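# Analysis of the macromolecular model
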Amino acid sequence: MGFARVWTGVHYPADIVAGAVIGVVAVLITAFGRRAFDRWSHRRGSGTAVGSR
């Protein structure tokens, strides 16, 4: 999809790369935040963390 947008002139290659980097950073923040919340909620003794299976 990124290649097609560059090919048609809608975006510069740096736009696509920047979007991918922002997406990866957002996923990492979410994953580490979830782990931290799970550890925190477990230490509080609340039993099961929100969203855990």
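All values derive from a computational prediction rather than experimental measurement.

### So, the overall build of the chain
The helix and strand tally for the chain stands at 2 helices and 0 strands. Looking at the chain as a whole, 4% of its 53 residues qualify as buried. Carbon and sulfur atoms make up 68% of the accessible area of the chain, which amounts to about 4,700 Å² in all.

### Details of the pattern of salt bridges
The tally for this structure, following the rule as stated, stands at 1 salt bridge. For R34, the salt bridge goes to D38, with nearest N and O atoms at 3.3 Å. One end of the pair is R34 and the other is D38, both in helix α2 (residues 13–43) and 4 residues apart, which spans about a single turn.

### Brief notes about the packing of aromatic side chains
In this structure the tally under the stated criterion is 2 aromatic pairs. Plain terms: the ring middles of F37 and W40 are 5.7 Å apart, the flat faces sit at 40° to each other, and that makes the pair tilted. With F37 and W40 both in helix α2, this residue pair falls 3 residues apart, about one helical turn.

### Side note on α2
In this model α2 runs 45 Å from its N-terminal to its C-terminal C-alpha over 31 residues, within 8% of the 45 Å that 1.5 Å per residue would give. Immediately beyond the C-terminal end of α2, within one or two residues, lies G45, with a positive phi of roughly 80°.

### With respect to a nonpolar patch on the surface
On the surface, a cluster of nonpolar side chains totalling about 360 Å² of accessible area is made up of V17, V21, V25 and I29. Tracing the chain through its elements places V25 in helix α2.

Analysis parameters
Residues numbered from 1 in each chain as written. Predicted model: local features only at pLDDT ≥ 70, side-chain atom pairs only at ≥ 80, totals over all residues. Heavy atoms only, no water. Helix = DSSP H or I, 4+ residues; strand = E, 2+ residues; numbered from the N terminus. Buried < 20%, exposed > 50% of the residue type's maximum accessible area, 1.4 Å probe, protein only. Areas by Shrake-Rupley, 256 points an atom, 1.4 Å probe, with all protein chains shown as cover. Salt bridge = Lys/Arg side-chain N within 4 Å of Asp/Glu carboxyl O. Phe/Tyr/Trp six-rings, centres within 6.5 Å; stacked < 30°, edge-to-face > 60°. Expected span 1.5 Å × (residues − 1). Patch = residues over 30% accessible without salt bridge, like charges linked within 9 Å, V, L, I, M, F, W, Y side chains within 5 Å.

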